[in-house]
Amino acid sequence: MRAARLRAWAAVAAVLALLAACSPGGAEDSSDPAAPSTDGVASPGAPTATDGYASPAARPKPVPLRAGEKRLTLTMPAEYTPSAPTGVGTDDYRCFLLDPGLARDGYLTGTNVLPGNPDVVHHVILFRVSPDQVAAAERKDASEPGEGWTCFGGTGLAGDFTNLDDANWLGAWAPGGKESVTRPGYGVDLPRGSQIIMQVHYNLLAGDSPDASSAQIRVAPHNAGLTPLHTFLMPAPVELPCRPGHDSSPLCDRDAAVADVKARFGDGPGSTNDLLYFLCGGKPQPSPVTSCTRRVLQPTTILGVAGHMHLLGRSIRIETNPGTPQARTILDIPVWDFDNQGAKPIPPVHLDPADTVKVTCRHVQWLRDELPAFEGQEERYVVWGEGTTDEMCLGILQVAFG
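Calculation notes
- Residues numbered from 1 in each chain as written.
- Predicted model: local features only at pLDDT ≥ 70, side-chain atom pairs only at ≥ 80, totals over all residues.
- Heavy atoms only, no water.
- Helix = DSSP H or I, 4+ residues; strand = E, 2+ residues; numbered from the N terminus.
- Buried < 20%, exposed > 50% of the residue type's maximum accessible area, 1.4 Å probe, protein only.
- Contact = heavy atoms within 4.5 Å.
- Areas by Shrake-Rupley, 256 points an atom, 1.4 Å probe, with all protein chains shown as cover.
- Axes fitted to C-alpha atoms, helices over the stretch in contact; angles between N-to-C directions.
- Parallel < 35°, antiparallel > 145°, perpendicular 65-115°, else oblique.
- Nonpolar A, V, L, I, M, F, W, Y, C, P; charged D, E, K, R; others polar.
- Core = buried A, V, L, I, M, F, W, Y, C linked by side-chain atoms within 4.5 Å.
- Disulfide = S-S within 2.5 Å.
- Pairing = 2+ DSSP bridges.
- Phe/Tyr/Trp six-rings, centres within 6.5 Å; stacked < 30°, edge-to-face > 60°.
- Salt bridge = Lys/Arg side-chain N within 4 Å of Asp/Glu carboxyl O.

This paragraph deals with the overall build of the protein. The number of helices and strands found in the protein is five helices and 21 strands. A burial count over the protein gives 54% of its 402 residues as buried. Considering only contacts within the protein whose residues lie at least 6 apart along the sequence, 86% involve residues at least 24 apart. Working note: accessible area of the protein is about 15,900 Å², and carbon and sulfur atoms make up 52% of it.

Structure, rendered in structure tokens:
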């Protein structure tokens, strides 16, 4: 049973386009977008004039580097103009391969995403590409004209998201996110020769103007002896029905809504809505509230937490060991703000094998009456989908094992 569940998790993970707020960390502010590389490795490109901020004066102040750390700025080699890859919908997921030129093993100790054109950049995720996968990533990059490649449902590389308990994330950005810096003594393994995929979700509702986004990483030497950090992902289904009196659209039928997601993003990402039930159990039931409970498979210490939903999200909560005397709420956002998805460092919470973690989300249809993004759109049955006007329910934990 456990092996079957692990295989099901891998199947789910391979099709999840997991949108997230910044990887949890202890930083308070962002590093200087204009700061040069400090180890002599040239950045692939130059940041845009304002690096996604209204003016240079609006840029957050840099978080000082700690002893032994270096900061690298990596930018898309050229501008990219987004478009709907399937010709349908208002979203484009594009992956860009960035080479930090790592000549030695090290630890990643912080990330900062600088959206070049915040009018079209919905979110950004940074993925680690191991040295043995670089050639495959280069082939993927060369397979499509222009900068990068289309990447709904992950990066498109073999083994993508094969383990939700230890995802290959380095960091991420969504509205309200700041620089993420690990707490002292911790870092993410970054072997020499590793590269980075920057997955950018472009929202075309605001237009299709060009973008040249950047990512900054902080790197510490491997002899720093840091404790390795990992990312534990907690997706849950979304099953938000149409409201009575607003249910005349054909897309108020769940099957039609899932078929529409597949038409816009492909069969793989579109299948997430059914595969999530292999991970979470149960069957699809229309409800504004959905959840998923997972068992921990090894000793795990939670150090940071974040949640992610889209525009119809209303509240999100993450708990450990719910329904037991050891129950603890580690994230509770009673009124969701899409434009403030910053992550939260928390006092360490240790879990043993068989302990549980649960994410619960509430979504509401009436928000489409208030938000310009839904103007002119008929109401629909809302399921998990990659688009800005689709929805997600996702918890993100930064953890150490052992």
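Moving on: the environment of Gln 326. Among the secondary structure elements, Gln 326 is positioned in the loop between strand 16 (313-320) and strand 17 (328-333). With a relative accessible area of 55%, Gln 326 lands in the exposed category. Along the sequence, Gln 326 and Asp 355 sit 29 residues apart, while their C-alpha atoms lie 9.7 Å from each other. Filtering out sequence-adjacent residues up to four positions away, Gln 326 remains in contact with Thr 320 and Asn 321.

So, on to the packing of helix 3 (residues 254-265) against helix 5 (residues 272-280). Two elements in contact, helix 3 and helix 5, have axes separated by 10 Å at closest approach and are oriented at 105 degrees. Compared by their axis directions, helix 3 and helix 5 come out roughly perpendicular. On helix 5, the residues touching Arg 254, Val 258 and Val 261 of helix 3 are Asn 273, Asp 274 and Tyr 277. Its residues assigned to classes, the contact of helix 3 with helix 5 shows three nonpolar, one polar and two charged.

One finds Trp 169, Ile 197, Ile 302, Ile 318, Ile 330, Val 359 and Leu 397 to be the most contacted residues of the largest nonpolar core, which totals 64 residues. Setting aside its immediate chain neighbours within four residues, Leu 397 contacts His 230, Thr 231, Phe 232, Met 234, Ile 302, Gly 304, Val 305, Ile 318, Ile 330 and Val 357. Membership of the second largest hydrophobic core comes to 27 residues, among which are Leu 102, Leu 108, Leu 190 and Ala 400.

Moving on: the state of the cysteines. Each disulfide consists of one covalent bond between the sulfur atoms belonging to two cysteines. Under the defined criterion, the tally for this structure stands at four disulfides. What pairs with Cys 280 in a disulfide is Cys 292, and their sulfur atoms sit 2.1 Å apart. Between Cys 280 and Cys 292, the S-S dihedral sits near -100 degrees, and the bridge is therefore left-handed. One end of the pair, Cys 280, is in helix 5; the other, Cys 292, is in strand 14 (residues 289-295), and 12 residues separate them in sequence. Covalent S-S linkage joins Cys 361 and Cys 393, the inter-sulfur distance amounting to 2.1 Å. Taking the sign of the S-S torsion, about 85 degrees here, the bridge from Cys 361 to Cys 393 comes out right-handed. Here Cys 393 lies in the loop between strand 20 (382-383) and strand 21 (394-401) and Cys 361 lies in strand 19 (residues 356-363), a separation of 32 residues in the sequence. On the basis of relative accessibility, which here comes to 0%, the residue Cys 361 falls in the buried class. Cysteines bonded in the protein are numbered consecutively along the chain; their disulfide partners then correspond to 1-2, 3-4, 5-6, 7-8.

We now examine the pairing of strand 9 (residues 195-203). Summarising burial for strand 9: nine of the nine residues are buried, a large majority. Residues Gln 195, Ile 197, Gln 199, His 201 and Asn 203 line one face of strand 9 and the alternating positions Ile 196, Met 198, Val 200 and Tyr 202 line the opposite face, and both faces are buried. In the sheet, strand 2 (residues 91-98) pairs with strand 9 via eight bridges, with the strands oriented antiparallel. Residue pairing in the sheet places Leu 98 in a bridge with Ile 196 of strand 9. In this structure, strand 4 (residues 121-129) lies alongside strand 9, joined through eight bridges in antiparallel fashion. The residue of strand 9 that forms the bridge with Val 124 is Val 200.

Moving on: the packing of aromatic side chains. Under the counting rule described, the total for this entry stands at five aromatic pairs. When the ring of Tyr 80 is compared with that of Phe 96, the centres are 5.7 Å apart and the planes differ by 70 degrees; the resulting orientation is edge-to-face. Here Tyr 80, found in the loop between strand 1 (70-75) and strand 2, pairs with Phe 96, found in strand 2; they are 16 residues apart in sequence, far enough to count as distant. Relative accessible area serves as the criterion here: at 2%, Phe 96 is assigned to the buried category. Geometrically, the ring pair formed by Phe 152 and Phe 265 is edge-to-face, given 5.0 Å between the ring centres and 65 degrees between the ring planes. With Phe 152 in the loop between strand 5 (149-150) and strand 6 (169-173) and Phe 265 in helix 3, this pair connects stretches of sequence that are 113 residues apart.

Glancing now at the pattern of salt bridges. A complete count under the given rule lists 13 salt bridges for this structure. Between Glu 69 and Arg 66 there is a salt bridge; the shortest N-O distance is 3.0 Å. Look at Arg 66 and you get partly exposed, because its relative accessible area is 28%. Its salt-bridge partner being Arg 380, residue Asp 260 comes within 2.6 Å of it at the nearest N-O pair. Here Asp 260, found in helix 3, pairs with Arg 380, found in the loop between strand 19 and strand 20; they are 120 residues apart in sequence, far enough to count as distant. When its relative accessible area of 13% is taken as the criterion, Arg 380 is described as buried. Where salt bridges share partners, they join Arg 66, Glu 69, Glu 179 and Arg 218 into one cluster.

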